[in-house]
Amino acid sequence: MYVGTLSFDLLLGDVRSLKEKRSLVRPIVAELQRKYAVSVAEVDHMDLHRRAVIGLAMVSGDAGHLSDVLDRCERLVAGRPEVELLSVRRRFHGDHDD
């Protein structure tokens, strides 16, 4: 069994309220869930208007498949014009981990 996680640190554009922020973040979360069947949620900076951290996790029996899906998720978020991807943190855990 392999578990992969991604954490996206995002800077949002001209956002003046938490409501506007949610209108940008929610579609990204929904698209990741729909397209790639991953668990995903906004996990940090919930009280800041222009920042968001989205966390994503996936479990797979195939390390190659897991890595491919994580790469696709990263490209999807990086390609969104309404957000600036400041950083991505990737973690990969396999059977060999204690």
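Where an unreviewed UniProt entry is consulted, the protein chain appears under the name DUF503 domain-containing protein, with the organism given as Streptomyces brasiliensis.

A. Fine view of the nonpolar core. L32, V38, I54, L56 and C73 are the most contacted members of the largest nonpolar core, which has 23 residues in total. For this core, the secondary-structure elements that each account for two or more residues are β1 (2-12), α1 (18-36), β3 (51-60) and α2 (63-78). In terms of residue count, the dominant contributor to this core is α2 (six residues). The contacts of V38, once residues within four sequence positions are left out, are L32, Q33, L56, A57, M58, V69 and C73.

B. Region of the structure containing the packing of aromatic side chains. Applying the stated rule across the entire model yields one aromatic pair. Consider the rings of Y2 and F92, whose centres lie 5.9 Å apart with planes at 35°: the pair is tilted. Linking Y2 in strand β1 with F92 in strand β4 (residues 83-93), this pair joins segments that are 90 residues apart in sequence. Overall, F92 belongs to the partly exposed group, its relative accessible area being 36%.

C. Layout of the sheet that holds strand β2 (residues 39-44). The four strands are arranged β2-β3-β1-β4 in an open sheet whose pairing can be described as antiparallel. Of all the strands in the sheet, just β2 and β4 have a single pairing partner and so form its edges. In this sheet, neighbouring strand axes are inclined to one another by 20° on average, regardless of whether the strands run parallel or antiparallel. Against the sheet, α2 engages β1, β3 and β4, with an angle of about 5° to β1.

Analysis parameters
Residues numbered from 1 in each chain as written. Predicted model: local features only at pLDDT ≥ 70, side-chain atom pairs only at ≥ 80, totals over all residues. Heavy atoms only, no water. Core = buried A, V, L, I, M, F, W, Y, C linked by side-chain atoms within 4.5 Å. Buried < 20%, exposed > 50% of the residue type's maximum accessible area, 1.4 Å probe, protein only. Helix = DSSP H or I, 4+ residues; strand = E, 2+ residues; numbered from the N terminus. Contact = heavy atoms within 4.5 Å. Phe/Tyr/Trp six-rings, centres within 6.5 Å; stacked < 30°, edge-to-face > 60°. Pairing = 2+ DSSP bridges. Axes fitted to C-alpha atoms, helices over the stretch in contact; angles between N-to-C directions.

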